Amino acid sequence: MHDYGCYMASMSLRTQIAQALGKRATIRLRDSDGSMRDIVGVLQSETALVNRRGEIVNFNPDEAVAFRVIPVFNRRDVSTGSLSIYDTKSKSLHTITGTDGVVKIYCCGPTVYRDAHVGNLRTFLLSDLISRTLQMTGLDVTLVQNITDVGHLADDFEEDKMLAESAKTKVDPFKIARTFEERFHTDLARLNIDPAASYPRASEKMPEMIASIEKLIAMKRAYVGSDGSVYFDATSFPTYGALSGNKLDSLQPGHRYEFTDEGGKRFHADWALWKLAGARTQMIWDSPWGAGFPGWHIECSAMSIELLDGHVDLHVGGIDLRFPHHENERAQSNSLTGDETVDSWVHGEHLLFEGRKMSKSAGNVVLLQDIIDRGLDPLSLRFALLENRYRSQMDLSWASLEAAHSTLKRWRQLLSDAGSGTELKFDQELSDALTNDLDTPRAMQRIRAIEKDSSIGALDKRAIFLFADQVLGLDLDRGIESKEVSADIQALLDARITARAEKNWALSDSLRDQLSDAGLEIKDGADGQSWSWK
């Protein structure tokens, strides 16, 4: 089985960094406590880069776990236009421009009590595709993605997901969080998702959340309830419901979208900003209102306002977050900034697997590791997701993943056969597809058409594929893995040639199955038998 877990293939990350001096790059580092940290800038040496603010950032290359050179397009030759993307609030396309050449993006990240499944990863891929497309158009991106390690409720709306997992496994909740946070970063690297500028943890942003809550109370947008917990006053925000269409007068008491023990609220649609600990003894913090823990929604308001200077050009999340999370976040953030904090809200649609919603009860939750365990390239998931529009519901299947794996191999062989040139050739149709609301299915169709077009030379095909891959991120220039077959496998290959010569088709088919189990793909053509590693 191939080891597709490596982010970069043949050479060490230290060597890759050394060969990229003077280029703009992203580097993911593992700190001594096991946490991940990402730096972006122009490499000055093997141990230092200059970030966008002109600051020198020193690092230890031995701590690097992922590395990628960010392409620079020749703007005299490229007319990429601007990215227009669907905004949930206005129900129309917004052209993303940013400020001073920089687009600020906030993407809701994982709750790290379990592995992210392929449906979660579809959302995280969305923010990567947006970032890459914006970079293709000549803009810089500052992306922040939070790590929720406290305050997120379980499906019964009564228990913190981190504490529920801790009770079940008898493992410290923060140890659980760090374990799954690291596995989340591993999955991002396997999917060739560029690192964010920052991955703030909710548990480490308590001062910012408490300060935000204090400000909301002072503004009369929040209050201390009769139970001592702090609640946001939903009636104080006149445009509540603009994202989801859920107006306050239509929300019925008992609607299950918040804690069940909120008898201290003035109005049934209010939500908790700070909950008193009560009987809870873990994951609690001191506050002006007593020991307790934050509500889920306040973390994203506090983090995005602090880390993106009070304004977000583009906010990304799954469609399931539109209500109540993003609706409540918008009310909090706009109250805190006194303005429309987010310009554009972008939501990715649900992912089904083989016709069904993924759930533990159905036993059909699929992880990226499951795909790898089947001998498939993890980027076959990225490939399959690209063949569907981000805001359309998608039905993923093992058949589509296997087809994606095969096509990836074919495209990498095509590029490998065309040499090792690094030229990127701009293609207007590809650019138009990507900048028109991330029409990745149309971009993939264009790539297939280029592959089949006999009027386009091999070198030009390679250059166009490399141009597309700056956004598609399929690692098409990886090349084809070459390894020797064992003596036993070679004996099977020879025996099958003999069986076919003797027209012993039953034995030939049996030997094909054995070779397939050994990881070989067999093809029969006019020139006889050929094979390749799966």
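Analysis parameters
- Residues numbered from 1 in each chain as written.
- Predicted model: local features only at pLDDT ≥ 70, side-chain atom pairs only at ≥ 80, totals over all residues.
- Heavy atoms only, no water.
- Helix = DSSP H or I, 4+ residues; strand = E, 2+ residues; numbered from the N terminus.
- Rg over C-alpha atoms; globule rule 2.2 N^0.38 Å.
- Buried < 20%, exposed > 50% of the residue type's maximum accessible area, 1.4 Å probe, protein only.
- Areas by Shrake-Rupley, 256 points an atom, 1.4 Å probe, with all protein chains shown as cover.
- Contact = heavy atoms within 4.5 Å.
- 1 Å grid on protein atoms, 1.4 Å probe; cavity = no way out; pocket = protein on both sides within 12 Å on 5 of 7 lines; lining within 4 Å.
- Points joined across faces, edges and corners; volume = space filled by probe spheres on them.
- Nonpolar A, V, L, I, M, F, W, Y, C, P; charged D, E, K, R; others polar.
- Core = buried A, V, L, I, M, F, W, Y, C linked by side-chain atoms within 4.5 Å.
- Phe/Tyr/Trp six-rings, centres within 6.5 Å; stacked < 30°, edge-to-face > 60°.
- Salt bridge = Lys/Arg side-chain N within 4 Å of Asp/Glu carboxyl O.
- Right-handed = clockwise from strand over helix to strand, strands pointing away.
- Pairing = 2+ DSSP bridges.
- Disulfide = S-S within 2.5 Å.
- Axes fitted to C-alpha atoms, helices over the stretch in contact; angles between N-to-C directions.
- Expected span 1.5 Å × (residues − 1).

Details of the overall build of the protein
Stage number 1. Summing up its helical and strand segments, the protein has 15 helices and 20 strands in all.
Stage number 2. Since a compact globule built from 534 residues should have a radius of gyration of about 24 Å, the 26 Å found for the protein is in line with a globular shape.
Stage number 3. When the backbone C-alpha atoms are referred to their principal axes, the protein occupies close to 85 × 55 × 45 Å.
Stage number 4. Counting the 534 residues in the protein, one finds 53% classified as buried.
Stage number 5. Taken as a whole, the protein presents about 23200 Å² of accessible surface, with 48% of it coming from carbon and sulfur.

Topic: the environment of serine 229
Stage number 1. Of note, serine 229 is situated in the loop between β10 (222-224) and β11 (230-232).
Stage number 2. A residue is classified by how much of its surface remains accessible, and serine 229, at 3% relative accessible area, is buried.
Stage number 3. Through-space distance from the C-alpha of serine 229 to that of leucine 273 is 7.8 Å; in sequence the pair is 44 residues apart.
Stage number 4. With sequence-adjacent residues up to four places away left out, serine 229 is seen in contact with Tyr223, Val224, Trp274, Lys275 and Leu276.

Focus on empty space enclosed by the protein
Stage number 1. Summed over the entire model, instances satisfying the criterion amount to five cavities of 30 Å³ or more.
Stage number 2. The calculated volume of the largest cavity comes to roughly 90 Å³.
Stage number 3. Elements that contribute at least two residues to the lining of the largest cavity include exactly α2 (118-136) and α9 (379-386).
Stage number 4. A per-element tally of the lining of the largest cavity places α2 first, with four residues.
Stage number 5. Grouping the constituent residues of the lining of the largest cavity by class yields seven nonpolar, two polar and one charged.

A closer look at the nonpolar core
Stage number 1. Among the nonpolar cores identified, the biggest contains 117 residues, and Ile130 and Leu381 are the most heavily contacted of them.
Stage number 2. Sort the elements by how many residues they give to this core and α2 lands first, with nine residues.
Stage number 3. Residue contacts for leucine 381: discarding those within four places in its chain leaves Val118, Leu121, Leu191, Leu368, Ile371, Leu396 and Leu401.
Stage number 4. Counting 13 residues, the second largest nonpolar core, distinct from the first, contains Ile17, Ala20, Leu49 and Ala64.

Overview of the packing of aromatic side chains
Stage number 1. Applying the stated rule across the entire model yields 10 aromatic pairs.
Stage number 2. Taking 5.5 Å as the distance between ring centres and 85° as the angle between the ring planes, the aromatic pair formed by tryptophan 411 and phenylalanine 465 counts as edge-to-face. Remark: phenylalanine 465 occurs in helix α13 (residues 458-472) and tryptophan 411 occurs in helix α10 (residues 398-417); sequence separation between them is 54 residues. Phenylalanine 465 shares its class with tryptophan 411; the two are buried.
Stage number 3. Arranged with centres 5.3 Å apart and planes meeting at 75°, the rings of phenylalanine 426 and phenylalanine 467 form a pair that is edge-to-face. Here phenylalanine 426, found in the loop between α10 and α11 (428-435), pairs with phenylalanine 467, found in helix α13; they are 41 residues apart in sequence, far enough to count as distant.
Stage number 4. Under the relative-accessibility criterion, phenylalanine 467 is labelled buried at 2%.
Stage number 5. A connected cluster of aromatic rings, assembled from ring pairs, spans Phe124, Phe184 and Tyr199.

Remarks on the pattern of salt bridges
Stage number 1. A full pass over the atoms with the stated rule returns 34 salt bridges.
Stage number 2. Of the charged contacts in the structure, one is a salt bridge between arginine 132 and aspartate 194, with a shortest N-O distance of 3.4 Å. One end of the pair, arginine 132, is in helix α2; the other, aspartate 194, is in the loop between α4 (173-190) and α5 (206-218), with 62 residues separating them in the sequence.
Stage number 3. With a relative accessible area of 2%, arginine 132 lands in the buried category.
Stage number 4. The exposure class of aspartate 194 is buried, given its relative accessible area of 10%.
Stage number 5. With its nearest N and O atoms 2.9 Å apart, the salt bridge here joins aspartate 149 to arginine 178. On the criterion of sequence distance, the pair formed by aspartate 149 in the loop between β9 (140-145) and α3 (161-169) and arginine 178 in helix α4 is long-range, its members being 29 residues apart.
Stage number 6. One network of salt bridges, with partners in common, ties together Arg68, Asp128, Arg132, Asp194 and Arg382.

A look at the pairing of strand β8 (residues 102-107)
Stage number 1. The element β8 is extensively covered by neighbouring structure, given that six of its six residues are classed as buried.
Stage number 2. By the alternation rule, side chains of β8 split into Val102, Lys104 and Tyr106 and Val103, Ile105 and Cys107, which are all buried.
Stage number 3. Each parallel crossover has a hand, and for β8 linked through α2 to β9 it is right-handed.
Stage number 4. As judged from the three bridges shared by β8 and strand β14 (residues 312-318), these two strands associate in the parallel manner. What sits directly across from cysteine 107, in β14, is valine 316.

Things to note about the state of the cysteines
One covalent bond between the sulfur atoms of two cysteine residues makes up a disulfide.
Stage number 1. Taken as a whole and assessed by the stated rule, the structure comprises zero disulfides.
Stage number 2. With no disulfide of its own, cysteine 108 lies closest to cysteine 300 among cysteine sulfurs, the gap being 4.0 Å.

As for the sheet that holds strand β13 (residues 292-294)
Stage number 1. The four strands are arranged β10-β11-β12-β13 in an open sheet whose pairing can be described as antiparallel. Only two strands of the sheet have a single partner each, and these edge strands are β10 and β13. Here the average twist between neighbouring strands, direction ignored, is 20°.
Stage number 2. Across three bridges, β11 lies against strand β12 (residues 271-276) in antiparallel orientation. Note that in β12 the partner of valine 230 across the bridge is tryptophan 274.
Stage number 3. The strands touched by α5 within the sheet are β10, β11, β12 and β13, with β12 carrying the most contacts at an inclination of about 120°.

Focus: α10
For an α-helix, the turn length of 3.6 residues means that residues three or four places apart are oriented alike.
Stage number 1. Its 20 residues give α10 an end-to-end C-alpha distance of 29 Å, which sits within 8% of 28 Å, the value for a rise of 1.5 Å per residue.
Stage number 2. If you check which residues of α10 are buried, you get Trp398, Leu401, Ala404, His405, Thr407, Leu408, Lys409, Trp411, Arg412 and Leu415.
Stage number 3. Backbone geometry just downstream of α10 places glycine 419 in the positive-phi region, at approximately 100°.

Observations regarding the sheet that holds β8
Stage number 1. The strand order across the open sheet formed by four strands is β9-β8-β14-β15, and the pairing between neighbours is parallel. Both outer strands of the open sheet, β9 and β15 (342-348), are each paired with one neighbouring strand and no more. Here the strands of the sheet are splayed against their neighbours by 25° on average, with no regard to which way each runs.
Stage number 2. Against the sheet, α2 contacts β8, β9, β14 and β15, and its axis sits at roughly 150° relative to β14.
Stage number 3. Across the sheet, helix α7 (residues 322-337) is in contact with β14 and β15; its angle to β15 comes to roughly 170°.

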